[in-house]
Amino acid sequence: MRVSDWRLSDAASLVPLYAAEAARWRRDLRWETSPDWRSVEDARRAGALPGFIATGSDGLVRGWSFHLRHRGRIQLGGLVASSHEATVELLDAVWASPEAASASGAMLFGH
């Protein structure tokens, strides 16, 4: 598994990831999040929203995440993974990130 900075990813490769996540939120929670994913992409493309992409040896995306630091805490804005291994790799990358280095805690929402 390879984990890389998602800010270096091609925007077109993220479109299906956002679409799948918007569909899941719509289906499971009845929340319309499509406009939020556009905001996430704008921030990612501007380099203002750190995150990671986990890819398998076949080059397929196995997971992705994004996070930020707010009020001294690392906030996990999203983490989607297809396996336990991808989840662990992404979380390890988040916890090793510059944003988490001196954070006093963490905050996330699980679904």
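This text follows the structure it describes.
These lines cover the structure that appears in this document, whether it is placed above or below. (Residues numbered from 1 in each chain as written. Predicted model: local features only at pLDDT ≥ 70, side-chain atom pairs only at ≥ 80, totals over all residues. Heavy atoms only, no water.)

Let us look at the sheet that holds strand E5 (residues 105–108). Across the sheet, five strands lie side by side as E1-E2-E3-E4-E5; this open sheet has mixed pairing. Of all strands in the sheet, those with a lone pairing partner are strand E1 (2–5) and E5, marking the two edges. Put simply, the sheet's adjacent strands are angled 25° from each other on average, direction ignored. In this sheet, strand E3 (residues 61–70) lies alongside strand E2 (residues 51–55) in antiparallel orientation, the contact comprising five bridges. Note that in E3 the partner of Phe 52 across the bridge is Ser 65. Where helix H1 (residues 11–29) meets the sheet, its contacts fall on E2, E3 and strand E4 (73–81), and the angle it forms with E3 comes to roughly 80°. (Pairing = 2+ DSSP bridges. Helix = DSSP H or I, 4+ residues; strand = E, 2+ residues; numbered from the N terminus. Axes fitted to C-alpha atoms, helices over the stretch in contact; angles between N-to-C directions. Contact = heavy atoms within 4.5 Å.)

Attention now moves to the packing of aromatic side chains. As enumerated under the stated definition, the model contains nine aromatic pairs in all. It is Arg 44 that lies over the ring of Trp 6; its NZ or CZ is 5.9 Å from the centre. (Phe/Tyr/Trp six-rings, centres within 6.5 Å; stacked < 30°, edge-to-face > 60°. Lys NZ or Arg CZ within 6 Å of the ring centre and 35° of its normal.)

A word on the packing of H1 against helix H2 (residues 34–45). When two helices pack together, their arrangement is given by the angle between the helix axes and the distance between those axes. The N-to-C vectors of H1 and H2 enclose an angle of 150°; their axes lie 9 Å apart at closest approach. The orientation of H1 with respect to H2, classified from their angle, is roughly antiparallel. The way H1 lies across H2 gives a crossing that is right-handed. Residues Ala 11, Leu 14, Tyr 18, Glu 21, Ala 22, Trp 25 and Arg 26 of H1 lie in contact with H2, whose contacting residues are Ser 34, Trp 37, Val 40, Glu 41, Arg 44 and Arg 45. Partitioning the contact of H1 with H2 into residue classes produces seven nonpolar, one polar and five charged. (Parallel < 35°, antiparallel > 145°, perpendicular 65-115°, else oblique. Left-handed = near helix turned anticlockwise from the far one by under 90°. Nonpolar A, V, L, I, M, F, W, Y, C, P; charged D, E, K, R; others polar.)

This part is about the side chain of Ser 65. With respect to the helices and strands, Ser 65 occurs in strand E3. Once residues within four sequence positions are removed from consideration, Ser 65 is found in contact with Trp 6, Gly 51, Phe 52, Gly 78, Leu 79, Leu 90 and Val 94.

For Ser 65, a relative accessible area of 0% gives the class buried. Along the chain, Ser 65 and Leu 90 lie 25 residues apart, while their C-alpha atoms are 6.8 Å from each other. (Buried < 20%, exposed > 50% of the residue type's maximum accessible area, 1.4 Å probe, protein only.)

Given a rise of 1.5 Å per residue, 12 residues ought to cover 16 Å, and the 16 Å separating the end C-alpha atoms of helix H3 (residues 84–95) matches this to within 8%. For H3, the full list of buried residues reads Ala 86, Leu 90, Ala 93 and Val 94. Along H3, the residues classed as buried sweep out an arc of 100° about the axis, all on the same side. At its buried positions, H3 is contacted by E1, E2, E3 and E4. (Expected span 1.5 Å × (residues − 1). Arc of directions from axis to C-beta.)

We now examine the pattern of salt bridges. Opposite charge on two side chains lets them pair, provided their charged atoms get close. All chains considered together, the criterion is met by seven salt bridges. Of the charged contacts in the structure, one is a salt bridge between Asp 5 and Arg 7, with a shortest N-O distance of 2.9 Å. A relative accessible area of 31% means that Arg 7 is categorised as partly exposed. The shortest N-O distance in the salt bridge between Asp 58 and Arg 62 comes to 2.5 Å. Because the salt bridges share partners, they merge into one network encompassing Glu 41, Arg 44 and Arg 45. (Salt bridge = Lys/Arg side-chain N within 4 Å of Asp/Glu carboxyl O.)

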